[in-house]
Amino acid sequence: LCPRRCGAERTEEVGRGICRMPAVPKLARAGLHMWEEPCISGTKGSGAIFFSGCSLGCVFCQNGSISHGGFGKTVSVARLREIMEELKAQGAHNINLVNPTHFAPWIKEALAEPIGIPVVWNCGGYDRVETLKEMEGKVDIYLPDLKYVDEELSRKYSRAGDYFAYAAPAILEMFRQTGPYEMDESGMLRRGTVIRHLMLPGELENTRRVIDF
């Protein structure tokens, strides 16, 4: 599913591999989220579902207990769909899948039927094109990071020296799927790809190379 290609045999009971997650969705939090980009959160909030585990190892992760600490509880695909419906009923502008890559097949199953509001794929940018193609038609908005172009930095801070080698084609695939951004009359994003970048202290050349890309 992810660029690590660790080949781990994940089961419903046992979490294995780089992400240390089982073969069922594991969620740390679900609720209305007011602190995404303004065109995502709007006035009513984004329906954020935070998935546990991660294939990256970012030393600056703001959700370390979720991404690396294993915090969360497993749910069925049916329950995941119910949670999406509940967030929609609460007025969420969209369904915001936070760090979803390693649960892609189960998310795809949960989205077998359209949810009726935009679906956001909120990720670290470290994705395989093949996995993203499986989500085509299910995702309306891609919200990836582009953390690094510099291989040494990505190895040092995220334990992924091949980060840009995967993130660059992944983002191009995201844009291929969504095309140019589309906003509604109230300034909410309906479709498109939004790239985020965290500037690292003293590493402005990396930031310049990200902007150039």
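Above this text sits the structure in question.
Predicted, not measured: the structure shown is a model, and the values here were computed from it.

Burial of strand β2 (residues 46-51) is extensive: 6 of the 6 residues sit out of reach of the surface. Residues S46, A48 and F50 of β2 are buried on one face, and the alternating residues G47, I49 and F51, pointing to the opposite face, are buried as well.

Attention now moves to the side chain of R196. Checked against the element boundaries, R196 lands in the loop between β8 (189-193) and α8 (204-212). A polar contact of 3.2 Å, which involves the side chain of R196, links it to the backbone oxygen of C123. From its side chain, R196 meets the backbone oxygen of L143 in a polar contact 2.8 Å long.

Moving on to the environment of C123. Within the secondary structure, C123 is located in strand β5 (residues 119-123). In this structure C123 comes out as buried when scored by relative accessible area, which is 3%. In this structure, the C-alpha to C-alpha distance between C123 and G7, residues 116 residues apart in sequence, is 21 Å. Other than its neighbours up to four places away in sequence, C123 contacts P100, T101, L143, P144, D145, M174 and R196.

For β5, a buried count of 5 out of 5 residues is recorded, marking the element as mostly surrounded by other parts of the structure. The sheet contact formed by strand β4 (residues 95-98) and β5 spans 4 bridges and is parallel. Its bridge partner lying in β5, V98 is registered against N122. In this region the chain leaves β4, passes through helix α4 (residues 104-110) and returns to the parallel neighbour β5; the handedness of that crossover is right-handed. Across 4 bridges, β5 lies against strand β6 (residues 141-144) in parallel orientation. Bridge pairing in β6 links C123 to P144. Tracing the backbone out of β5, into helix α5 (residues 129-134) and back to the parallel element β6 gives a crossover that is right-handed.

Rules behind the numbers
Residues numbered from 1 in each chain as written. Predicted model: local features only at pLDDT ≥ 70, side-chain atom pairs only at ≥ 80, totals over all residues. Heavy atoms only, no water. Buried < 20%, exposed > 50% of the residue type's maximum accessible area, 1.4 Å probe, protein only. Helix = DSSP H or I, 4+ residues; strand = E, 2+ residues; numbered from the N terminus. Polar contact = N/O pair within 3.5 Å; in protein donor to acceptor, adjacent residues only side chain to side chain. Contact = heavy atoms within 4.5 Å. Pairing = 2+ DSSP bridges. Right-handed = clockwise from strand over helix to strand, strands pointing away.

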